[in-house]
Each structure stands twice: as structure tokens, then as C-alpha cells.
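Observations on the three-dimensional arrangement
Spelled out from the first residue to the last, the chains are:
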Amino acid sequence: MLAKDCKKKIILTGDRPTGKLHLGHYVGSLQRRVALQNSGEYDEIYILIADDQALTDNWDNPQKIRDNMIEVALDYLSVGIDPAKCHICVQSNIPALHALTFYYMNLVTTQRLSRNPTVKAEMAMRGFSNSESNDNQAGLPAGFFTYPVSQAADITAFKATTVPVGEDQEPMIEQTREIVRKFNSTYKNDILVEPEILLPELQSQRRLPGTDGKAKMSKSLGNCIFLSDDEKTVKQKVMGMYTDPLHVNVSDPGHVEGNMVFTYLDAFCRPDHFARFLPEYENLDALKDHYRAGGLGDVKCKKFLIKVLEDMLAPIRAERARWAADLPAVYRILKEGTEAAVQTTNRTLAEVTAAMKVNYFADESIIEEWDRWIHQ
Ligand code: TRP
């Protein structure tokens, strides 16, 4: 049983339900998940809607998380995540994750948590400060500060071997691996599994900038194209995209680096898109060469990008509408996915509590142990 367990290939990944998912999520992780799901190489796949983690910086607005729970579930289903192959599950309703988080807190130091670069960046963005003598910044909520520990619980509870995520999640996986090693050595066992991160294959897909050219597509910056945007909205967003400020007239030579139209084409266009939508160019290199040389207008490139995006988004939108018309089915998928997750994670928790000697009521043999101890 154990040896077989160790060989299993298990995926765990997830998202915070703080907003609808966008193109950055799609290139950075969703399309990969669908490919992994269809590869048939994995024994189990769990996709976690991390609502507890979302609450660590939205504790005062639970309705927002509740509303986005269904948005994210619809986004998953509409991009092709197949509930027959993946368990879509809801973090808050998987009690073992809370218990594991609490035990893992003993295995990390606040100093170590303070060094997490992703958490540091997020603290800066949210105005959370860790210093004692404080100024006018908000304090650092302990729940937010320790969410990497809860993420380690997510990953290890499923004994995930593979975590497909964007590169901003690298520090979380590293923290998880450290907790696994600490747990297994402290409690002398090999219960927990060290996960591997699986990053997007192409550099162009690792971090999609916003339509405004800012480093990251993010809802709070208002520079996103959402998977659920309608055609008109996508058109407007692409037409307003940041390109090359030095490319004033069509005849001017242009820059493709830092030009969002080309950055997005790098991430989304395939050779067949040229044959279908822009046959006068053989491929993206030919289009870039013309843009650099001068004589190619932004509008033409933007219209091509709109076609490329629509080609991808139209079927996603149609699937979304289909699922949105059957919310009871979505409810069942989440409920059943969560039930499967509860079973899996309870098994891990039982092993963990045994290793930590807190499984008092698992069986009555402890009475004999007490007897020996008391009457020795
Ligand atoms: N931290 C992830 C994000 O912000 C969400 C997440 C929570 C997650 N638990 C996870 C990702 C476990 C992978 C594995 O997107």
C-alpha cells in the first residue's frame, strides 16, 4: 500500500477566488492543467479553490470570496477542466487542511516566513507592515503572514508530487519542501512527499503583463482581459493596449520588445493563425520584422491579435454559458470534488496525527500504554 502510494503521480494546484480568471491565468497555468489532465499520466488531480487563503487578505469581505467561488468554478469548467478527470474542491470545507496547517506552524520560524519574496511583495502591495514601531501602515495579519504554511498543508495533504503553477509560487513550493523534510525527520517517518513545481514551458507564458504594459496582469490594476469578457470588451481592451510610444506614424520603425501586442502574440498566436487570419505573413517573425522596419501599423497588428484571442475565447465563452445555465450541476461537481478531497486528506491527517502521537482515539491500545506508564 505504502510503496504503491509513493509511486503515484498526484497533481495539486489551485487559485484564490478573489476575481474572475484572466488571460494571465490561462497561459500561466490553466491551459497546462488541461493538457496534464488529458495526458493520462497522472493518477489523481485535485484543483483547489483556495477560499481560506483568499480570506487572509479579504477577511472583512467574505461575500466577495463567495461570489468569486462560482466565477472561478465556471472559469475552470469553461476552459476544459473535466470533472471526470479532476476533483475541483473547496479549501474551507476540507477540515484536515486546517489541522495540518496548525501542526506545520511548529516547523517554521517567523524569520523564515519573513524571507518569502512573494509574501514580501504582496505585503508591500497591500500596505501590511511587519515593524513594531509603526507609522501609518496597517499591521501584518498573522493569517496572511503564515499562508505559505497553509499552502504547504494543501500540497502535502494530497501527497502531491507535482504542482503546476506560475513562477511567483516558487517560494511556496520551496517552503513546502522544507516543511516536508522537517516533518519527516522530526517525527521519523516518510509520510509526507516533497513536491516538484511544474512551471509553464515557454518564458512568454510565465508572466503575462497587463494590457497597459505593467509587469503583471492583475485585477486591482485594471489591466486584465478576463476569460469571461465578451467580444466587444476584448476588442476595446486590445485596441487600447500599450504598444510602442515611439511608433507614431505607420512608416516609423517600431519596437516589439515591451510592446504588449507582440508580447501577447508571443504568448497566444500559433503558426496556423497566420494562414487563417493574416496570410500575407508567414509567421510571427515575419510580422515582427516588418514592424521593426517600419510601414506596419498598430491597428493591423491589433486586429490580428483580436482574431487570435477570439479564436481561443469564443469556445471558452460558449462553454461558460452552457455551465452557467446549469448551476446545480456545478454545485454537485464542487460538492463531490470536495468530498473526495476530504477523504484523501483525512487519510494523510490520520498518518500525521499518528506520527505526532496525538491520535488518542484511533484505537484503545493507549489504555495499555497508560497502564504501563502509570504502574511502572
Ligand atoms: N497561492 C496560490 C495563488 O495565489 C493559490 C493556492 C493555494 C495554491 N493553495 C495552493 C496553488 C496549492 C498551488 C497549490 O494563486
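Here the structure is shown first, and the text comes after it.
Not measured: the values here are computed from a predicted model.

Cut-offs applied
- Residues numbered from 1 in each chain as written.
- Predicted model: local features only at pLDDT ≥ 70, side-chain atom pairs only at ≥ 80, totals over all residues.
- Heavy atoms only, no water.
- Near = heavy atom within 4 Å.
- Polar contact = N/O pair within 3.5 Å; in protein donor to acceptor, adjacent residues only side chain to side chain.
- Helix = DSSP H or I, 4+ residues; strand = E, 2+ residues; numbered from the N terminus.
- Nonpolar A, V, L, I, M, F, W, Y, C, P; charged D, E, K, R; others polar.
- Buried < 20%, exposed > 50% of the residue type's maximum accessible area, 1.4 Å probe, protein only.
- Contact = heavy atoms within 4.5 Å.
- Core = buried A, V, L, I, M, F, W, Y, C linked by side-chain atoms within 4.5 Å.

Contacts to the ligand come from L12, T13, G14, R16, A50, Q53, Q151, D154, I155, V163, V165 and Q169. For the ligand, a nitrogen atom lies 2.9 Å from a polar atom in the side chain of Q151. Going through the elements one at a time, β1 (10-15) and α9 (147-157) are the ones with two or more residues in the shell around the ligand. Looking at the shell around the ligand residue by residue, the class counts come to five nonpolar, five polar and two charged.

Attention shifts here to unusual backbone geometry. Although it is not a glycine, K159 sits at a positive phi angle of roughly 55 degrees. K159 gets classed as buried once you look at its relative accessible area, which sits at 11%.

Turning to the side chain of K159, a few remarks are in order. Positionally, K159 belongs in the loop between α9 and β6 (162-164). Among the polar contacts made by the side chain of K159, one reaches the side chain of E351 at a distance of 2.9 Å. Excluding its chain neighbours within four sequence positions, the residues that come into contact with K159 are I10, I191, V193, T348 and E351.

Of all hydrophobic cores here, the largest spans 62 residues; its most connected members are L23, Y264, L265, F268 and L287. A per-element tally of this core places helix α15 (residues 298-324) first, with ten residues. If sequence neighbours within four positions are ignored, F268 has contacts with L23, Y26, V27, L208, H273, V308, L309 and M312. Counting residues in each nonpolar core, the second largest holds 41 residues, with L48, L100, F128 and A341 among its members.

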